[in-house]
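# What the coordinates show
Listed below, chain by chain, are the residues.
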Amino acid sequence: MAGFMDLLGGIGSWMGGSSGGVNNALGALGILGNIYGANQQAKMAKKQFNLQKDAFNYNKMLSDYALNMQKKRDKEADEAYLHSSYMLGA
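Note that the structure is a prediction, hence the values are computed from the model and not measured. (Residues numbered from 1 in each chain as written. Predicted model: local features only at pLDDT ≥ 70, side-chain atom pairs only at ≥ 80, totals over all residues. Heavy atoms only, no water.)

## Side note on the overall build of the protein chain
Helix and strand counts for the protein chain stand at 3 helices and 2 strands. Sequence-ordered secondary structure for the protein chain, helices as α and strands as β, is α-β-β-α-α. On the protein chain, roughly 7,900 Å² of surface is accessible, and the fraction owed to carbon and sulfur atoms is 65%. (Helix = DSSP H or I, 4+ residues; strand = E, 2+ residues; numbered from the N terminus. Areas by Shrake-Rupley, 256 points an atom, 1.4 Å probe, with all protein chains shown as cover.)

Encoded structure:
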């Protein structure tokens, strides 16, 4: 228990001290703020990546749909030509 109290006393004296005219407690608070800001920035970057991934998948789905429709129209046009009187020579 005495070791823990010594640790708390050491932290307390460090927090009350100053380095270059800035209170050590304010410096520690600034560091914690920077860590929190970096964490929030990482979360937002992950959300942005997921949004971009969703947009890519949606656009890919639309593109695949358009290609399939074009193939279907081409096949139907070929079938119509093969069964037309022009193809049969009439």
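Next comes the rest of the description.
## Quick notes on a nonpolar patch on the surface
Together, Phe4, Met5, Leu7, Leu8 and Ile11 give the surface a local cluster of nonpolar side chains, amounting to about 490 Å² of exposed area. As for its placement among the helices and strands, Leu7 is situated in helix H1 (residues 2-16). (Patch = residues over 30% accessible without salt bridge, like charges linked within 9 Å, V, L, I, M, F, W, Y side chains within 5 Å. Salt bridge = Lys/Arg side-chain N within 4 Å of Asp/Glu carboxyl O.)

## Points about the confidence of the model for the protein chain
Here the protein chain averages 85 in pLDDT, and 81% of its residues register 70 or above. Put simply, strand S1 (residues 18-19) is where the protein chain has its lowest mean pLDDT, 60, and helix H2 (residues 24-82) is where it has its highest, 94. (pLDDT = per-residue confidence, 0-100.)

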